[in-house]
Amino acid sequence: MSEQRRRAGFEADPTAVHPVARVAFGVAGAALIVVGVVLLVLPGPGMLLLLAGMVLVARAVPAFARYVEPVRAKAMQGVEASVASGWRIAGSVLAGLGLVAAGVVAVAVPTLPLAGWATGASLVLSGLILLGLLAWSHRRVHGRR
């Protein structure tokens, strides 16, 4: 196989990816990039979503792959910083559990302002995503025990 055809896992050979899949990768990647950029200024895993979106876009447009590695390095720095101390881990776990609890309250007490199943479900989902990313970050940085 020639050096041109050999690529990293997030890159794709344009001839090996179906055109419909390329469009789907591009659209999904662009959506994740937009959400990731928004979450850079709002609380959330902005760099990780930005990285995921860029990886998907790189599957659709191989020339875009050169921009992935700098974002990957920055995202991994953020992952390492998020689990650097016990206090940060404890704060993140409390925030995740707080989101889940707020979601349950939003569903259980519909008389609260802006409460309801949609608000509650989104809060619970956000808390679970936070806890899942925290567990993934901890395993990645500290290894499996």
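Analysis parameters
- Residues numbered from 1 in each chain as written.
- Predicted model: local features only at pLDDT ≥ 70, side-chain atom pairs only at ≥ 80, totals over all residues.
- Heavy atoms only, no water.
- Helix = DSSP H or I, 4+ residues; strand = E, 2+ residues; numbered from the N terminus.
- Buried < 20%, exposed > 50% of the residue type's maximum accessible area, 1.4 Å probe, protein only.
- Contact = heavy atoms within 4.5 Å.
- Areas by Shrake-Rupley, 256 points an atom, 1.4 Å probe, with all protein chains shown as cover.
- Core = buried A, V, L, I, M, F, W, Y, C linked by side-chain atoms within 4.5 Å.
- Salt bridge = Lys/Arg side-chain N within 4 Å of Asp/Glu carboxyl O.
- UniProt positions renumbered as here; feature names shortened; annotations may be inferred.
- Patch = residues over 30% accessible without salt bridge, like charges linked within 9 Å, V, L, I, M, F, W, Y side chains within 5 Å.
- Axes fitted to C-alpha atoms, helices over the stretch in contact; angles between N-to-C directions.
- Parallel < 35°, antiparallel > 145°, perpendicular 65-115°, else oblique.
- Left-handed = near helix turned anticlockwise from the far one by under 90°.
- Nonpolar A, V, L, I, M, F, W, Y, C, P; charged D, E, K, R; others polar.

A. Main features of the overall build of the protein chain. A tally of helices and strands in the protein chain yields five helices and zero strands. Element order for the protein chain, N to C, with α for helix and β for strand: α-α-α-α-α. When each of the 145 residues of the protein chain is scored for burial, the buried share is 23%. Partitioning the intrachain contacts of the protein chain with sequence separation of at least 6 by distance along the chain shows that 57% fall at a separation of at least 24. Accessible surface, the protein chain: about 9300 Å² in total, of which carbon and sulfur atoms supply 70%.

B. Fine view of the nonpolar core. Core analysis: the largest hydrophobic core is formed by 13 residues, its most contacted members being Leu 51, Met 54 and Met 76. Elements represented by at least two residues in this core include exactly helix H2 (46-60) and helix H3 (68-82). The biggest single contributor to this core is H2, with six residues. Discounting residues that sit within four places of it in the chain, Met 54 has contacts with Ile 33, Phe 64, Tyr 67, Val 68 and Val 71.

C. Inspection of the pattern of salt bridges at higher detail. Scanning the entire structure with this criterion turns up one salt bridge. Ionic pairing is found between Glu 69 and Arg 72, a salt bridge with its closest N-O pair at 3.6 Å. With a gap of three residues between them, Glu 69 and Arg 72 both fall in helix H3, about one helical turn apart. On the basis of relative accessibility, which here comes to 43%, the residue Glu 69 falls in the partly exposed class.

D. Examining the UniProt feature "transmembrane region" (unreviewed entry) in the protein chain more closely. On the UniProt side, "transmembrane region" (unreviewed entry) is annotated at positions that read residues 20-42, 48-68, 89-109 and 115-136 here. Between the C-alpha atoms that bound residues 20-42 there is a distance of 33 Å. The span itself is 96% helix and 0% strand. The span residues 89-109 is 95% helix and 0% strand, and its two end C-alpha atoms sit 30 Å from each other.

E. Main features of a nonpolar patch on the surface. A cluster of nonpolar side chains, namely Val 34, Val 37, Val 38, Leu 40, Val 41 and Leu 42, defines an oily patch on the protein surface of about 550 Å² accessible area. Residue position: Leu 42 is located in the loop between helix H1 (19-41) and H2. Judged by its relative accessible area of 47%, Leu 42 is partly exposed.

F. Focus on the packing of H1 against H2. Between H1 and H2, whose axes approach to 7 Å, the crossing angle comes to 160°. Between H1 and H2, the crossing angle belongs to the class labelled roughly antiparallel. H1 and H2 meet at a crossing whose hand is left-handed. Split into classes, the residues belonging to the contact of H1 with H2 amount to 17 nonpolar, five polar and two charged.

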